[in-house]
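One-letter residues, chain by chain:
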2 protein chains.
Amino acid sequence: RKLDKTRQDTLYFDSYSDVTIHEEMIADYVRTNTYRTAIERNSELIRGKVVLDVGAGTGVLSVFCAQAGAKKVFAVEACSIAEQAVKIVRQNNLQDRIEVIRGTVETVDLPEPVDVIVSEWMGYALLHESMLNSVLYARDKWLKPGGLILPSKAELYIAPVCDPVVEDRLHFWYTVKDQYGVDMSCMSDFARKCIMNSDITMNFVSIEDVLSHPARFAELDLYSVTAEELRSVKGHFRCESFGCSAVSGFCVYFTVTFTCPDKQQGLVLSTSPFKPDTHWKQAVLYLDAPVSVEQDTLVSGEVSMFPSEDSARHICISVDFTIGEQKRQTKIFSIPDWSSEAQP
Amino acid sequence: RKLDKTRQDTLYFDSYSDVTIHEEMIADYVRTNTYRTAIERNSELIRGKVVLDVGAGTGVLSVFCAQAGAKKVFAVEACSIAEQAVKIVRQNNLQDRIEVIRGTVETVDLPEPVDVIVSEWMGYALLHESMLNSVLYARDKWLKPGGLILPSKAELYIAPVCDPVVEDRLHFWYTVKDQYGVDMSCMSDFARKCIMNSDITMNFVSIEDVLSHPARFAELDLYSVTAEELRSVKGHFRCESFGCSAVSGFCVYFTVTFTCPDKQQGLVLSTSPFKPDTHWKQAVLYLDAPVSVEQDTLVSGEVSMFPSEDSARHICISVDFTIGEQKRQTKIFSIPDWSSEAQP
């Protein structure tokens, strides 16, 4: 089933019309506070300047920029949440400096080029919903040469993980006989096929379930990356298992980095399982069945991320991997299309 | 958007192809153990008899019936989970007494009429997914005169409730200024409209959030109710508030009762908030805005449940209510059609 572009966009923009997603994003302290801090730390580069906020949502980043001294902020938002952004701008008495523009960044007309682009464009597994394309479009069309992009770098990581919840769920069917007197252990294999499927599952991975140091497999420089390059983001990885365990799958997560004039390293917004939780959680990719590893077992391969053929906003992740002495395998994952799914 | 019947059925039956829903149902101890106990207590009426299990799923109720001495059990299941039921029947060495039949009860041909119909047909808010129609069809076509139906009675209840989670979510927007220095309090009104909408929300209601004794508003006798009567299940209710609070909405829940030869009252499977949790949770219907009540404030009205015009398997609930001195209001609720919804 191939969705036409208009239908895809309608579904995409509709999903931001509900308050829940905005509540989740604002309540995500790691996200919102890192943006706030990054904007404050860049106030020297923002003061008196013109800013474009791509996909402004409720406009909170635009307000941060105005508070950091921006002369003018264009808050571009395609969804009806723009109406709330207008109210919030007025409530904070910033209507002279923030202009909320309802429309897509690809179609809106700004009165002038901008000095700064700020955007919170990251989706699940970084690229799901691919709003980054809109940021790159805005960069090429509206950013002055030498302008600032916040954030300016994104990095992708992978690590093998075990998943005790999946293990419990597969074991559950062996417990039914004791509980109800019916042997349902044969369901465990069916459960494995249902649970360890090709969906990209968004979950919080616990630190103790990460089985090796994560490996960085890709880096995107937002000043130079092209939309064409986003059609295939890939890289190799090589991990060594910490100890004896069973690999249920891989976890993929990202960081984005804000350059800061006063900080060599930049400010990092991380969605790592080793850092405080964010609403992005981690992307979990299950193998077809758990694979045992020992200490220092090599887990290596290549990850490739690309847009789904059915819907360009949906990401697919292909993992080509070898675990220890096992032969190389490939599994392709995608985010389930909830819009075509039956209800429970 | 009106789904054609075939598409509706495909979506409906597909949703039972995943292990998760079956795991949830089997793991629901209240559900599975009440059926097990009811079948055991009726073993005198089941022993040596022919049983029809409508919508057998994994076949667990069929196994209970065989264990209670049934001569023959026809386990009718339309979804592919029937393949797992076949394996489970074999694993329990009951293949001589349980025949798994893949198909809908409306189309399958049984070799003989049955003495007993057992079915776990209850959906959210009892009637969502309206599998009860299939049970009534099976009763009229296959049940011998004087045959047994398990369960044989369903009752529906309503009570006014407050919802502290909704209150917290509406209050959240007033806390943003302290946290990030941006006044977003104007979002609270938008949040209220999004959250206190016309969806039937499935939630666990805490005992302390139920604001009056629940009122029973409808009763269905499975021996006599007709499909036509299911097209409008309604009744009046009258509740008196325990004390001062704010009514966020109503909670609707059900019980089903199994007659037992050894027990005057029958065995009750309850989804009441005052009883242990089940996977059915409770159906919560939000008002447009909270309404204050004091001790003994009268909350009364009429509830009507009917199939959605868009999809006969989807239930709508209309509540016509008066709270204290407020004027009478009507609000119509439905279960959101997740199959046409965008993903977050």
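Note that the coordinates shown come from a computational prediction; the quantities given were computed from them, not determined experimentally.

Q: Requested: an account of the overall build of chain A, with residues and values cited.
A: Looking only at helices and strands, chain A features 10 helices and 15 strands. The burial tally for chain A puts 59% of its 344 residues in the buried class. For chain A, the computed accessible surface area is about 14500 Å², with 47% contributed by carbon and sulfur atoms. One finds the centroid of the 34 positive side-chain charges in chain A at a distance of 5 Å from the centroid of its 48 negative side-chain charges.

Q: Which residues make up the environment of Val 205 of chain B, and what values do they have?
A: Residues and elements named next belong to chain B. Positionally, Val 205 belongs in the loop between strand E7 (200-203) and strand E8 (215-221). Accessibility expressed as a relative area gives 11% for Val 205, which makes it buried. Taking the C-alpha atoms as reference points, Val 205 and Asp 277, separated by 72 residues in sequence, lie 9.4 Å from one another. Contacts of Val 205, omitting those with residues within four sequence positions, involve Val 161, Val 210, Cys 251, Pro 273, Gln 282 and Val 284.

Q: Which residues make up the side chain of Asp 163 of chain A, and what values go with them?
A: All names here are of chain A. Along the chain, the position of Asp 163 falls in the loop between strand E6 (153-161) and helix H8 (164-180). As a buried residue without a salt bridge, Asp 163 has its nearest oppositely charged side chain in Arg 169, at a separation of 8.3 Å. Side-chain polar atoms of Asp 163 contact the backbone nitrogen of Val 165, separated by 2.9 Å. A polar contact is formed between the side chain of Asp 163 and the side chain of Tyr 286, at a distance of 2.5 Å. Residues contacting Asp 163, with those up to four places away along its chain left out, are Asn 203, Ser 248 and Tyr 286.

Q: Go over the packing of helix H2 (residues 19-27) of chain A against helix H8 (residues 164-180) of chain B, please, and point to the residues and values.
A: It is the contact of H2 of chain A with H8 of chain B, at a shortest axis distance of 11 Å, that shows an interaxial angle of 30°. As for the relative orientation of H2 of chain A and H8 of chain B, their crossing is left-handed in sense. When H2 of chain A is examined against H8 of chain B, the residues Val 19, Thr 20, His 22, Glu 23, Ile 26 and Ala 27 of chain A are found in contact with a partner set consisting of Arg 169, Phe 172, Trp 173, Val 176 and Tyr 180 of chain B.

Q: Talk me through the state of the cysteines; I want residue IDs and the actual numbers.
A: The tally for this structure, following the rule as stated, stands at zero disulfides over all chains. Free of any disulfide, Cys 162 of chain A has its nearest cysteine sulfur in Cys 251 of chain A, 11 Å distant. Free of any disulfide, Cys 65 of chain B has its nearest cysteine sulfur in Cys 260 of chain B, 13 Å distant. Accessibility expressed as a relative area gives 0% for Cys 65 of chain B, which makes it buried.

Q: Tell me what's going on with the pairing of E7 of chain B, and back it up with residues and numbers.
A: Residue and element names in this part refer to chain B. The side-chain alternation of E7 yields one buried face, formed by Ile 200 and Met 202, and one unburied face, formed by Thr 201 and Asn 203. Pairing of E7 with strand E12 (residues 282-293), which is carried by four bridges, proceeds in the antiparallel orientation. Within E12, the position partnered with Ile 200 by the bridge is Leu 285.

Q: Tell me about the packing of aromatic side chains, and please be specific about residues and values.
A: Summed over the entire model, instances satisfying the criterion amount to 14 aromatic pairs over all chains. Aromatic pair Phe 237 of chain A and Phe 250 of chain A: ring centres 5.6 Å apart, planes at 70°, arrangement edge-to-face. One end of the pair, Phe 237 of chain A, is in strand E9 (residues 233-240); the other, Phe 250 of chain A, is in strand E10 (residues 245-260), with 13 residues separating them in the sequence. Residue Phe 250 of chain A is classed as buried on the basis of its relative accessible area, which comes to 1%. Ring geometry for Phe 172 of chain B and Trp 173 of chain B: centres 5.0 Å apart, planes at 75°, overall edge-to-face. For the pair Phe 172 of chain B and Trp 173 of chain B, a shared accessibility class is recorded, and that class is buried. By the ring-pair criterion, three or more aromatic residues cluster together here, those being Phe 237, Phe 250 and Phe 321 of chain A.

Q: Quick rundown of the sheet that holds E9 of chain A? Include the residues and the values.
A: Residue and element names in this part refer to chain A. Spatial ordering of the open sheet is given by E9-E13-E14-E15, a layout of four strands whose pairing is antiparallel. Looking at which strands have only one partner, the edges of the open sheet turn out to be E9 and strand E15 (329-334). Going across the sheet, the axis of each strand differs from the next one's by a mean of 20°, ignoring polarity. Pairing of strand E14 (residues 315-323) with E15 involves six bridges; the strand directions are antiparallel. Within the sheet, the bridge partner assigned to Asp 320 lies in E15 and is Thr 330.

Q: So what's going on with unusual backbone geometry? Residues and values would help.
A: For the bond from Leu 150 of chain A to Pro 151 of chain A, the omega torsion is -10°, close enough to zero to count as cis. Topologically, Pro 151 of chain A is positioned in the loop between strand E5 (143-150) and E6. Backbone geometry places Asn 93 of chain B, a non-glycine residue, at a positive phi of 55°. Of note, Asn 93 of chain B is situated in the loop between helix H6 (82-91) and strand E3 (98-102).

Q: Got a sec to walk through the confidence of the model for chain A? Specific residues and values, please.
A: Residue and element names in this part refer to chain A. Scored by pLDDT, chain A has a mean of 93; 93% of the residues are at 70 or more. Predicted confidence is poor over residues 339-344, with pLDDT under 50, and the contacts of this stretch with residues over four places away or in other chains come to 28 contacts. Across the predicted assembly, pTM comes out at 0.92 and ipTM at 0.91.

Q: Could you give an account of the pairing of strand E6 (residues 153-161) of chain B, with specific residues and numbers?
A: Residues and elements named next belong to chain B. The buried count for E6 comes to eight of nine residues, which makes it a mostly enclosed element. Here six bridges tie E6 to E8, and the two strands are oriented antiparallel to one another. For Ile 158, the partnering residue across the bridge sits in E8 and is Ala 215.

Q: Quick one: what's the story with H6 of chain B, residue by residue and with numbers?
A: For H6 of chain B, the set of buried residues is Ala 82, Gln 84, Ala 85, Ile 88 and Val 89 of chain B. Projected down its long axis, H6 of chain B carries its buried residues within an arc of 150°, all on one side. Each element contacted by the buried residues of H6 of chain B is listed here: helix H9 (187-195) of chain A together with strand E2 (72-77) and E3 of chain B. Just past H6 of chain B, the residue Asn 93 of chain B takes up positive phi, approximately 55°.

Q: Residues and numbers for the packing of helix H3 (residues 29-41) of chain A against helix H5 (residues 60-67) of chain A, please.
A: When two helices pack together, their arrangement is given by the angle between the helix axes and the distance between those axes. All names here are of chain A. Contact geometry of H3 with H5 gives a least axis separation of 9 Å together with a crossing angle of 25°. Taken together, H3 and H5 sit at an angle that is classed as roughly parallel. The element H3 and its partner H5 pack so that their crossing is right-handed. Contacts between H3 and H5 involve Thr 32, Tyr 35, Arg 36 and Ile 39 on the former and, on the latter, Leu 61, Phe 64 and Cys 65. Residues of the contact of H3 with H5, tallied by class, amount to five nonpolar, one polar and one charged.

Q: Hey, could you go over helix H9 (residues 187-195) of chain B for me, with residue numbers and the actual values?
A: When H9 of chain B is considered as a whole, its buried residues turn out to be Met 187, Ser 188, Phe 190, Ala 191, Cys 194 and Ile 195 of chain B. The arc enclosing the buried residues of H9 of chain B, seen along the axis, measures out at 160°, which places them on a common side. At its buried positions, H9 of chain B is contacted by H2 and helix H6 (82-91) of chain A together with H8 and E12 of chain B.

Q: Mind laying out the sheet that holds strand E1 (residues 50-54) of chain A, listing which residues take part and the relevant values?
A: Residue and element names in this part refer to chain A. The five strands lie next to each other as E3-E2-E1-E4-E5, forming an open sheet whose pairing is parallel. One side of each edge strand has no neighbouring strand; the edge strands of this open sheet are strand E3 (98-102) and E5. Neighbouring strand axes in the sheet, compared pairwise and without regard to direction, differ in orientation by 25° on average. Sheet topology places E1 next to strand E4 (residues 114-119); four bridges connect them, and they run parallel.

Reading the values: rules and limits
- Residues numbered from 1 in each chain as written.
- Chains lettered and ligands numbered in written order.
- Predicted model: local features only at pLDDT ≥ 70, side-chain atom pairs only at ≥ 80, totals over all residues.
- Heavy atoms only, no water.
- Helix = DSSP H or I, 4+ residues; strand = E, 2+ residues; numbered from the N terminus.
- Buried < 20%, exposed > 50% of the residue type's maximum accessible area, 1.4 Å probe, protein only.
- Areas by Shrake-Rupley, 256 points an atom, 1.4 Å probe, with all protein chains shown as cover.
- Lys, Arg positive; Asp, Glu negative; His and termini not counted.
- Charge placed at Lys NZ, Arg CZ, Asp CG, Glu CD.
- Contact = heavy atoms within 4.5 Å.
- Salt bridge = Lys/Arg side-chain N within 4 Å of Asp/Glu carboxyl O.
- Polar contact = N/O pair within 3.5 Å; in protein donor to acceptor, adjacent residues only side chain to side chain.
- Axes fitted to C-alpha atoms, helices over the stretch in contact; angles between N-to-C directions.
- Left-handed = near helix turned anticlockwise from the far one by under 90°.
- Disulfide = S-S within 2.5 Å.
- Pairing = 2+ DSSP bridges.
- Phe/Tyr/Trp six-rings, centres within 6.5 Å; stacked < 30°, edge-to-face > 60°.
- pLDDT = per-residue confidence, 0-100.
- Arc of directions from axis to C-beta.
- Parallel < 35°, antiparallel > 145°, perpendicular 65-115°, else oblique.
- Nonpolar A, V, L, I, M, F, W, Y, C, P; charged D, E, K, R; others polar.

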